[in-house]
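Examining the three-dimensional arrangement
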2 protein chains.
Amino acid sequence: MSDVASRVTIREVADAAGVSRQTVSNTLIHPERVRPPTLERVRKVIDELGYRPSNAAQSLRSQRTGAVGFELNATGSALQNAVAFPFVLALSERAVAHGSHIVTFGTQSARPALSGYEDMVRSLLVDAFILADTHAGDPRLPFLDQARIPYAAFGRFWGRPELTSWADVDGAHGTRLATEHCLAAGYDVVGYLGWPDGSAVGDDRRNGWARAVERAGHRSMPRAIAEQDLTSARAAAGPLLDQIGRGGAVVCASDMLALGVEREAAARGWTLGRDIGICGFDDSAISEIAGFSSVTQPLQEIADHLLALVHSRLAGAPPPVEGVLFRPTLVVRGSTARAS
Amino acid sequence: MSDVASRVTIREVADAAGVSRQTVSNTLIHPERVRPPTLERVRKVIDELGYRPSNAAQSLRSQRTGAVGFELNATGSALQNAVAFPFVLALSERAVAHGSHIVTFGTQSARPALSGYEDMVRSLLVDAFILADTHAGDPRLPFLDQARIPYAAFGRFWGRPELTSWADVDGAHGTRLATEHCLAAGYDVVGYLGWPDGSAVGDDRRNGWARAVERAGHRSMPRAIAEQDLTSARAAAGPLLDQIGRGGAVVCASDMLALGVEREAAARGWTLGRDIGICGFDDSAISEIAGFSSVTQPLQEIADHLLALVHSRLAGAPPPVEGVLFRPTLVVRGSTARAS
DNA sequence: CGGCCCATTTTGAACGATCAGATTTGAAAC
DNA sequence: GTTTCAAATCTGATCGTTCAAAATGGGCCG
């Protein structure tokens, strides 16, 4: 097991092809510098021997690993991570196209361990970081910024406009899509179940709904507030459904809240889609399982953008002028298919 | 941004401490070879300068990266990955203790791309792999085995007893725990909702329930079969609940199936826990959200074991004699809290 | 035919760490 | 004061790649 497919080095390829190391290197990186017949010959040998440049040697020389770190949050429920997982997946898939790869890490201790980030860079384990689940007051962004460690965040950094290395989803646009979809589907009243006022993300999503309702010519529509857990969601759903009544719909700030509404509706014997329309947010496993419509985030695009961002920073580019918002789309499932 | 906290090398530490490179190296790796006063002096300098050995240089020299690859399955629903995500998390957390880190990758193409595994090893990107979601006939295990690439799998490789580098969960023990718990809690009839016969994992779990029922002195108990989706689960749950009746319980092969039972019970107005007991399997986000008891897998322990396994293989140890089974435990939630 | 220029290819050095073997140091023994 | 030996420390070589600069080769012009 020790001689795992003994590695082929550039020297062996060079010898076999009757050229120097540098010509082999050029064949891969600067083919235009190599005469076509030589190029072909070297390429053939590379193929035959199955040569792959050593990542370690390249890293040592270039002082770049090509790796991007991503912290998985151990604390917090599986639910908290409902978005994080599909996102790592998207990152891992897209990384190849950027010539890099993703290194995940998670600390057992609850504290963020900022120094861990710095250590990983100093030890040349990763070049940069992608952050998710950034929250107001997140210490990581200022820390990385000040330590001059390149990073890009999925999620706005609300309180600090000077930190611009982020991409986020236009939540207001998402709830607007959901609301307009419900109105168009024929639900006469479209209420909203959201989080308590004051959270930036929550306010953003609520505004999308509110404006869509207004634009459609309605004065006001029922609205309720709940925390991000099923019990709270279901409790709030009761009075809300009373106001909305059969034939209406509810747009929610998250899939979890939507599930609460769905439970309450089911308890009343209302059929999903026909008697009540429900739209969630995030298109997580919950909405997939429960089968209700949800606003879905373009994770692949976001991953792609963030990777491009850190790489341009690594290449010496200045920070972007401002963050980028991506438009979510709506995944329509049975929950809003009104058989009018 | 280019001069990211210019890296400190071993040479700089050596000069600052008035010793040679090797002494600095020994300070970190073989402290017993260094005279105490020297040790202390060098350590102090390391601290002051914030020296961290270059991972790239170490890898080049040792021909080991210390990285372990893990494939995230892009195809397949978020549900398929319900276990995979907490598992990457566990791996990422435990990796530190093994002096390694996890590199995730995912292919956009549907095909497994076995050659990708080999490339990653040849290019010295990772030393070994951890596999999850292995299934009967999974081409990756024989491939890696034959290519002499170290790996360890989460999940038995049923058809091939000679492949022993795996750890798995004792499914039968899990369903047995669930069944005994339900009987002890006072549910008179404990039925089972599982997958169609023939799947190794499914048969294993069913056996655990069957034996527990038998051991408790019951001749036979109701049983039904469903596919791994909510519609199928709910359809199968109907007749099953008819047989079981109020006051009974259902042990399920997965959380998804359990959710189907829960839905059906709710539709009948049965209160979870009091009128009907439900146990899921996997302790995924589903059971967390829906609040029912579930069999939980010791992912941290498994991750730890698998990492130890690949590292011992890397160190030249022979393959293990046989795979290892870990005993799951039961997370009790309201769904089986009988207010007898 | 000699010289010059450009395209192509080769050589030497460096990236930062660790192993093996050489060298120095210090203390004990005579 | 020398010798001896072990402990502590240092030096040289190496891992595989790529950059910079040097060397080679061919074609063209005078």
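In this report, we go over the structure that sits alongside the text. (Residues numbered from 1 in each chain as written. Chains lettered and ligands numbered in written order. Predicted model: local features only at pLDDT ≥ 70, side-chain atom pairs only at ≥ 80, totals over all residues. Heavy atoms only, no water.)

1. Let's talk about the overall build of chain A
- Each helix and strand counted, chain A has 13 helices and 12 strands in total.
- On C-alpha atoms alone, chain A measures out to a radius of gyration of 26 Å, which is more than a quarter above the 20 Å that the 2.2 N^0.38 rule sets for 340 residues.
- Viewed in the frame of its principal axes, chain A has a C-alpha envelope of about 80 × 40 × 40 Å.
- Across the 340 residues in chain A, those meeting the buried criterion constitute 53%.
- For chain A, contacts bridging at least 24 residues in sequence account for 69% of all contacts bridging at least 6.
- Distance between charge centroids for chain A: 4 Å, based on 34 positive and 37 negative side chains. (Helix = DSSP H or I, 4+ residues; strand = E, 2+ residues; numbered from the N terminus. Rg over C-alpha atoms; globule rule 2.2 N^0.38 Å. Buried < 20%, exposed > 50% of the residue type's maximum accessible area, 1.4 Å probe, protein only. Contact = heavy atoms within 4.5 Å. Lys, Arg positive; Asp, Glu negative; His and termini not counted. Charge placed at Lys NZ, Arg CZ, Asp CG, Glu CD.)

2. Concerning the protein's contact with DNA strand D
- Looking at DNA strand D, there are 27 residues lining it, with Ile 10, Gln 22 and Ser 25 of chain A together with Thr 23 and Thr 38 of chain B nearest.
- When the atoms of DNA strand D within 4 Å of the protein are sorted by group, sugar and phosphate make up 61%.
- In this structure, a phosphate oxygen belonging to DNA strand D sits 3.0 Å away from a main-chain N or O atom of Ser 54 of chain A.
- The side chain of Arg 61 of chain A places a nitrogen or oxygen atom 3.1 Å from a base oxygen of DNA strand D.
- Listed by contribution, the elements that provide at least two residues to the surface near DNA strand D are α2 (21-29) and α4 (55-62) of chain A together with α2 (21-29) and α4 (55-62) of chain B.
- Among the elements that line the surface near DNA strand D, the one with the most residues is α2 of chain A, at 4 residues.
- Taken together, the residues of the surface near DNA strand D break down into 8 nonpolar, 12 polar and 7 charged. (Near = heavy atom within 4 Å. Polar contact = N/O pair within 3.5 Å; in protein donor to acceptor, adjacent residues only side chain to side chain. Nonpolar A, V, L, I, M, F, W, Y, C, P; charged D, E, K, R; others polar.)

3. Details of the protein's contact with DNA strand C
- Around DNA strand C, a shell composed of 27 residues is seen, among which Arg 21 and Thr 38 of chain A together with Ile 10, Gln 22 and Ser 25 of chain B lie nearest.
- Counting only atoms of DNA strand C within 4 Å of the protein, the sugar-phosphate share comes to 59%.
- Arg 35 of chain A places a main-chain nitrogen or oxygen 3.0 Å from a phosphate oxygen of DNA strand C.
- For the surface near DNA strand C, the elements supplying multiple residues, two or more each, are α2 and α4 of chain A together with α2 and α4 of chain B.
- Its residues assigned to classes, the surface near DNA strand C shows 9 nonpolar, 11 polar and 7 charged.

4. Some thoughts on the packing of helix α1 (residues 10-17) of chain B against helix α3 (residues 36-49) of chain B
Residues and elements named next belong to chain B.
- Here α1 crosses α3 at 125 degrees, and the two axes come no closer than 9 Å. Relative to α3, α1 is oriented oblique. Considering only the axes of α1 and α3, their crossing is right-handed. For the pair α1 and α3, contact is made by Glu 12, Val 13, Ala 16 and Ala 17 and by Arg 41, Val 42, Val 45, Ile 46 and Leu 49, respectively.
- Of the residues in the contact of α1 with α3, the class split is 7 nonpolar, no polar and 2 charged. (Axes fitted to C-alpha atoms, helices over the stretch in contact; angles between N-to-C directions. Parallel < 35°, antiparallel > 145°, perpendicular 65-115°, else oblique. Left-handed = near helix turned anticlockwise from the far one by under 90°.)

5. Observations concerning the packing of aromatic side chains
- The full count for this structure, using the stated rule, is 13 aromatic pairs over all chains.
- Centroid distance Phe 105 of chain B to Phe 129 of chain B: 5.9 Å. Interplanar angle 70 degrees. Geometry classified as edge-to-face. Taken together, the positions of Phe 105 of chain B in strand β2 (residues 101-105) and Phe 129 of chain B in strand β3 (residues 128-131) put the pair 24 residues apart, joining distant regions of the chain.
- Taken together, Phe 70, Phe 87 and Phe 154 of chain A form an aromatic cluster joined through their ring pairs.
- Above the ring of Phe 281 of chain B, the side-chain terminus of Arg 205 of chain B is found at 3.7 Å from the ring centroid. (Phe/Tyr/Trp six-rings, centres within 6.5 Å; stacked < 30°, edge-to-face > 60°. Lys NZ or Arg CZ within 6 Å of the ring centre and 35° of its normal.)

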